[in-house]
Amino acid sequence: FLSTRNCPCKMSQLPPKSPLASPVSEGTNSMVESLDNLSMDSFWLEVENIKQSAEAEQEECSLADVKTQEEGEAEAEWLQDAGLSDLLGDRASGNDNVLLSTLTKTQAAAVQRRLDTYSRSRRRKNKHPVRDVRDIFGVVSSEETAAEKEESSPDPLWHKLRTSNVQRKTQDYSCTVRNPGREEMFNMDVAYSEQAAVLLKGSFLSESRRLKDGNALTKFKIPKGRLGVTRIGDLSAQDMKKIPTLALIELTALCDVLGFELKRNKAAKLKTTEKRLFGVPLNTLLENDQKLLPNTKVPLLLQALLSCLEKRGLETEGILRVSGSQTRIKSLEQKLERDFYTGLFSWDEVHQNDVSGLLKRFIRELPAPLLTAEYLPAFAAVQNIPDLKQRLQALNLLILILPEPNRNTLKALLEFLSKVVARENNNKMNLWNVSTVMAPNLFMHKGLPNKIPEGKEKQLAEGAADVVRMMIHYQDLLWTVSSFLVAQVRKLNESNSKKYQFCDKRIKNLLRKIHADKDKVEKNQAEPSKIVKVHASLLLKESLEVHLNNATRVADVLRQFQKNLCQNGWNIVNTVNLLKCNNSMECTNLLLYEVGGNIGEHCLDPDTYLLDLYHINPHAEWVIKQNPSYPRMF
């Protein structure tokens, strides 16, 4: 998206100060326009500082050579990344792919479109015949090719989406403007692409990009259904591995409906470094850190930088914006490389502006962008989506696609940036200031080519800052796993389970058991109540019997558990886990997990209604555990 170093970079030149029109500009006055134009100075100043830092070190610019992909190559890569590689090749078949059975209508259309393009490209290369896309998706076979079918008698869904996309290009997005500061519902129960397909018939709400005050931004609330809300980290690692492929398919479907092309880069192969901290891949950093501190999820160096700034830098005026001494920063980097892991490095005498410079340098020097080389263009393109809610939907899916090390590191950074914004009265850094300073460090990278259209510098710069602003302000929403994705994970697990059962020699007994379980589930769904057992083996030797009705929530079970601990004198294995210093019970240090059945392990929202959950997953066990983030008392 953006790149600098010793290469000629259009974005490294300060643009003229004359105001330029913004994509959504109606309803704002000249005073706001003037303030906004001035506010971008921080962005361009940061770009200049990055350029000077690179020139001072006389580093060579090493841009990745991104080759133009032939027709079908991008689609083949997409199908592989989406977990649909078995649809490729001469013997492609979708019959055994359980993922296809979980897709929504718009998601299936997105897969069909890419498979169709891939199939046509294979035919044109005169290779062996490939399985027709209509055979895989159950469309009536014909002598016509997929391309001819699309022209003569297009698929109803695709015809609808394509004609709607044409209409959207001429739609006036500024006709309805969002009310600044109002609260809106953010629906995560229905797939985003399905929501967008419905909204194609109506009008979208737009929001002025010139509202830089965090308090004026639209507030979104996730309505809690009967099954509660699932956050990133609530699902087991096994189930979370399924989320990126599902999120990629959904993001592609959303972009198809909105009429935007989802562009992805090939991962650039950069030279390895002999350093141990700066310029080292995140995976390598974490592997080294985990040898010292197991279960480390965020690089220890980044943790140290953020901790130092939180302790002594949050009140510093212009923190992040005011540049430290490049000479001192380079010297500090060398000392850290030498002494960080020995514990000899002292942060006490380090100037806070130098620490913030080190922080930005650490992010910038990663061999691959923190937002990944593959998806950096997609993050940048989010700004082109007119509707704020749909921009957030796309960002939510992109964050779910990120590799776990990148996602955890990004979250740690955004949490710190939120703390900086919260001290705005003292440090004079509001949300937009922080966003404009951090955007170049996240979107400029030495390993990516610079392809900025003439005259688009200011628009792209503002768009990059706006994306960073959204990630900071809406991070709680963005780090949520949508209910429709969790439901798809359950379907995948159920389908895989049934697939393995059919391979078993005792198929007749298993089939009989499946039908019996099905009858049992249907019977349970009609029952207004149910008695289940909740286990707490790490805390108690006995199980807790819980009477479920339509009003029983997770929070109620946890309260009942603690009440029985106090009143009945149960045989407690680790009483100290449940006690505070004043010997009183605390509810927040206990969590209820759903384990097994159609889910690996799922930490439940306190507002989850358990009878509803039981009907969805009757074969799961429920286990009470201590909150891993709660400090142990022993």
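Throughout, a residue's number is its position along its own chain's written sequence, starting from 1. Restriction of local features to residues with pLDDT of at least 70 applies here, the model being predicted, together with a cutoff of 80 or more for giving and counting side-chain atom pairs; totals for whole chains, interfaces and linings are based on all residues. Side-chain descriptors were evaluated using all non-hydrogen atoms of the structure, hydrogens and water having been removed beforehand.

The next thing to look at is the overall build of the chain. In DSSP terms, a helix is any run of H or I states spanning at least four residues, a strand is any run of E spanning at least two, and both are numbered starting from the N terminus. The helix and strand tally for the chain stands at 25 helices and nine strands. Note on classification: 1.4 Å probe, protein chains only; a residue is buried when its accessible area is under 20% of the maximum for its type, exposed when over 50%, partly exposed between these limits. Expressed as a percentage of the 634 residues in the chain, the buried residues total 51%. We call two residues contacting when some pair of their heavy atoms lies within 4.5 Å. Counting contacts in the chain only where the partners sit at least 6 residues apart, residues at least 24 apart contribute 80% of the total. Accessible surface area values rest on a Shrake-Rupley calculation with a 1.4 Å probe, where residue burial reflects the displayed protein chains alone. Here the chain has roughly 30,800 Å² of accessible surface; of this, 50% comes from carbon and sulfur atoms.

Two strands pair under a simple rule: DSSP has to find at least two bridges between them. The mixed open sheet is built from five strands, whose spatial order is β6-β5-β9-β7-β8. Every other strand in the sheet has two partners, leaving β6 (544–549) and β8 (599–603) as the edge strands with one partner each. Taking the axes of each pair of neighbouring strands and ignoring which way they run, one obtains an average angle of 30° across the sheet. Where strand β7 (residues 590–596) and strand β9 (residues 621–626) come together, six bridges link them in antiparallel fashion. The residue bridging Val595 from the neighbouring strand is Glu621, located in β9. Every axis in this analysis is a line fitted to C-alpha atoms, fitted for helices over the stretch in contact. Angles between the N-to-C directions lie between 0 and 180 degrees.

What follows deals with the pairing of β9. Successive side chains on a regular strand alternate, one facing one side of the sheet and the next facing the other. Where strand β5 (residues 529–535) and β9 come together, two bridges link them in parallel fashion. Paired with Val534 across the bridge in β9 is Trp622.

Turning to unusual backbone geometry, a few remarks are in order. The backbone phi angle of Thr372 is positive, close to 70°, even though this residue is not glycine. Within the secondary structure layout, Thr372 lies in the loop between α14 (352–364) and α15 (376–381). Judged by relative accessible area, which is 7%, Thr372 ranks as buried. At Lys428, a position not held by glycine, the phi torsion is positive, near 60°. Among the secondary structure elements, Lys428 is positioned in the loop between α18 (424–427) and α19 (431–443).

For helix α20 (residues 457–473), built from 17 residues, the straight-helix expectation of 24 Å at 1.5 Å per residue is met to within 8% by its first-to-last C-alpha distance of 24 Å. The buried count for α20 comes to 15 of 17 residues, which makes it a mostly enclosed element. Multiplying 1.5 Å by the helix residue count minus one yields the expected span of that helix.

Cavities and pockets are defined on a 1 Å grid built over the protein atoms alone: a cavity is a set of grid points where a 1.4 Å probe fits but cannot escape, while a pocket is an open set with protein on both sides within 12 Å along at least five of seven lines, and lining residues are those with an atom within 4 Å of any such point. Grid points are joined across faces, edges and corners, and a volume is the space filled by probe spheres set on the points. The calculated volume of the second largest pocket comes to roughly 1,600 Å³. When residues of the lining of the second largest pocket are traced back to their parent elements, those giving at least two are α9 (237–240), α11 (282–292), α12 (300–312), α17 (404–422), β7 and β8. Per element, the largest residue contribution to the lining of the second largest pocket is nine residues, and it comes from α17. Amino acid classes used here: Ala, Val, Leu, Ile, Met, Phe, Trp, Tyr, Cys and Pro are nonpolar; Asp, Glu, Lys and Arg are charged; the rest, including Gly, are polar. Among the residues forming the lining of the second largest pocket, the class breakdown is 18 nonpolar, 11 polar and 12 charged.

Another aspect to go through is the side chain of Gln195. Its place among the elements puts Gln195 in helix α8 (residues 192–199). By relative accessible area, which is 16% here, Gln195 ends up buried. In protein, a polar contact requires one atom able to donate a hydrogen and another able to accept it; more generally it is a pair of N or O atoms within 3.5 Å, and residues adjacent in sequence count only if both atoms are side-chain atoms. Side-chain polar atoms of Gln195 contact the backbone oxygen of Asn187, separated by 3.0 Å. At 2.8 Å, the side chain of Gln195 forms a polar contact with the backbone oxygen of Val190.

The next subject is the packing of aromatic side chains. Geometry of aromatic contacts follows a simple scheme: Phe, Tyr and Trp rings, the Trp one being its six-membered ring, pair when their centres are within 6.5 Å, and the pair is stacked under 30 degrees between planes, edge-to-face over 60, tilted otherwise. Evaluated as defined, the whole model comprises eight aromatic pairs. Between Phe186 and Tyr192, the aromatic rings sit 6.1 Å apart at their centres with planes inclined by 75°, giving edge-to-face as the arrangement. Given a relative accessible area of 0%, Tyr192 falls into the buried group. Between Phe340 and Tyr341 the ring centres are 5.3 Å apart and the planes differ by 70°, which places this aromatic pair in the edge-to-face class. Look at Phe340 and you get buried, because its relative accessible area is 15%.

Before going further, it helps to spend a moment on empty space enclosed by the protein. Scanning the model with the defined rule gives four cavities of 30 Å³ or more in all. Roughly 130 Å³ of internal volume is contained in the largest cavity. Looking at the largest cavity, it is lined by 15 residues, and the ones nearest its centre are Ser323, Gln326, Gly357, Lys360 and Arg364. Within the residue set of the lining of the largest cavity, elements represented by two or more residues are α2 (41–56), α13 (326–339) and α14. A breakdown of the residues in the lining of the largest cavity according to their chemical character gives three nonpolar, eight polar and four charged.

Time to look at the pairing of β6. Burial of the side chains of β6 is restricted to one face: Leu544, Val546 and Leu548 are buried, whereas none of Glu545, His547 and Asn549 on the reverse face is. Examined bridge by bridge, β5 and β6 share six bridges and lie antiparallel to one another. From the neighbouring strand, Val532 faces β6, where its bridge partner is Val546.

Let us now look at the pattern of salt bridges. A carboxyl oxygen of Asp or Glu within 4 Å of a side-chain nitrogen of Lys or Arg is what we treat as a salt bridge. Here the structure, examined in full by the defined rule, presents 24 salt bridges. A salt bridge links Arg113 to Asp256; the nearest nitrogen and oxygen atoms lie 3.1 Å apart. With Arg113 in helix α4 (residues 105–124) and Asp256 in helix α10 (residues 243–258), this residue pair connects regions lying 143 residues apart in the sequence. Assessed through its relative accessible area of 5%, Asp256 is described here as buried. Between Lys419 and Glu310 there is a salt bridge, with the nearest N and O atoms lying 3.2 Å from each other. One end of the pair, Lys419, is in helix α17; the other, Glu310, is in helix α12, with 109 residues separating them in the sequence. Look at Lys419 and you get partly exposed, because its relative accessible area is 37%. Overlapping salt bridges bring together Lys224, Arg553, Asp556, Arg559, Asp605 and Asp607 as one network.

The next subject is the nonpolar core. Membership of the largest hydrophobic core comes to 131 residues, with the highest contact counts inside it found for Leu84, Leu320, Phe379, Phe443 and Met471. Of the residues forming this core, the biggest block, 10 residues, is contributed by α10. Sequence-distant contacts of Met471, that is, excluding residues within four places in its chain, are made with Phe379, Leu395, Leu410, Leu414, Leu442 and Leu478. The set of buried Ala, Val, Leu, Ile, Met, Phe, Trp, Tyr and Cys residues whose side-chain atoms join them within 4.5 Å is what this entry labels a nonpolar core. Formed by 21 residues, the second largest nonpolar core is a distinct cluster that contains Leu610, Leu613, Tyr614 and Ala620.

Listed as buried for helix α3 (residues 73–81) are Glu75, Ala76, Trp78 and Leu79. Projected onto a plane normal to the axis of α3, the buried residues spread over an arc of 160° and lie on a single side. Of the surrounding secondary structure, the elements contacted by the buried residues of α3 are α4 and α10. Directly after α3, the chain includes Gly83, whose backbone phi takes a positive value near 75°. Directions from the helix axis toward the C-beta atoms define the arc.

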